[in-house]
Amino acid sequence: MDAGFERAVLAQLLAIPAGRVSSYGVLAALAGYPRHARHVGKLLASAPDGAGWPWFRVVSSSGHIARPGTPQADYQRLLLEEDGVEVGRNGRIDLRRYGWPVAGE
């Protein structure tokens, strides 16, 4: 991943408002790198501790938290709920309600 990709994705990540989520693919497309969802996932997974990135606001295109049943998934659920996002029992978020960007904004 080059620095331009990282800067573009990070700019979009930081633009996701509290109480909203986006998907890896949407973030990639908004950053100008359509079809690079997996690269976004790798970038977020490599975030240095204490970076302050709101990585937890990024979910799968189906609205699911990644890696269900893991401590990281439980932590993501906690952060999302503290952020005001309702997470279903199955780890799914209603993207029509919480997805970002919202059409028309």
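See above for the structure.
Since the model is a prediction, treat every value here as computed from it, not as a measurement. (Residues numbered from 1 in each chain as written. Predicted model: local features only at pLDDT ≥ 70, side-chain atom pairs only at ≥ 80, totals over all residues. Heavy atoms only, no water.)

Engineer: A description of the pattern of salt bridges should follow, citing residues and the corresponding values.
Structural biologist: In this structure the tally under the stated criterion is four salt bridges. Among the ionic pairs, arginine 96 bridges to aspartate 94, the shortest N-O distance being 3.5 Å. (Salt bridge = Lys/Arg side-chain N within 4 Å of Asp/Glu carboxyl O.)

Engineer: Got a sec to walk through helix H1 (residues 3-15)? Specific residues and values, please.
Structural biologist: Note that an α-helix has 3.6 residues per turn; residues three or four places apart therefore point the same way. For H1, with 13 residues, the first-to-last C-alpha span of 18 Å sits near the 18 Å given by 1.5 Å per residue. Of all the positions in H1, only Phe5, Val9 and Leu13 are classed as buried. For H1, the angular spread of the buried residues around the axis is 60 degrees, confining them to a single face. Exposed residues on H1 whose side chains face more than 90 degrees from its buried face are Arg7 and Leu14. Residues of H1 that are buried sit in contact with helix H2 (24-30), helix H3 (37-45) and strand S2 (58-59). (Helix = DSSP H or I, 4+ residues; strand = E, 2+ residues; numbered from the N terminus. Expected span 1.5 Å × (residues − 1). Buried < 20%, exposed > 50% of the residue type's maximum accessible area, 1.4 Å probe, protein only. Arc of directions from axis to C-beta. Contact = heavy atoms within 4.5 Å.)

Engineer: Could you give an account of the packing of H1 against H3, with specific residues and numbers?
Structural biologist: Two elements in contact, H1 and H3, have axes separated by 11 Å at closest approach and are oriented at 80 degrees. In terms of their interaxial angle, H1 and H3 are classed as roughly perpendicular. Side by side, H1 and H3 meet where Phe5, Glu6, Val9 and Leu13 of the first sit next to His39, Val40, Leu43 and Leu44 of the second. A class-by-class count of the residues in the contact of H1 with H3 yields six nonpolar, one polar and one charged. (Axes fitted to C-alpha atoms, helices over the stretch in contact; angles between N-to-C directions. Parallel < 35°, antiparallel > 145°, perpendicular 65-115°, else oblique. Nonpolar A, V, L, I, M, F, W, Y, C, P; charged D, E, K, R; others polar.)

Engineer: Outline the environment of alanine 11, supporting the account with residue identities and numerical values.
Structural biologist: As for its position among the elements, alanine 11 is in helix H1. Given the relative accessible area of 45%, alanine 11 is considered partly exposed. Sequence separation between alanine 11 and valine 102 is 91 residues, and the spatial gap between their C-alpha atoms is 17 Å.

Engineer: Which residues make up unusual backbone geometry, and what values go with them?
Structural biologist: For the bond from tryptophan 100 to proline 101, the omega torsion is 0 degrees, close enough to zero to count as cis. Following the sequence through the fold, proline 101 ends up in the segment after helix H5 (95-98). Its identity is not glycine, yet arginine 35 carries a phi of approximately 70 degrees, on the positive side. In this structure, arginine 35 sits in the loop between H2 and H3. Using a relative accessible area of 84% as the deciding quantity, one classes arginine 35 as exposed.

Worth remembering: the numbers are spatial, not functional.
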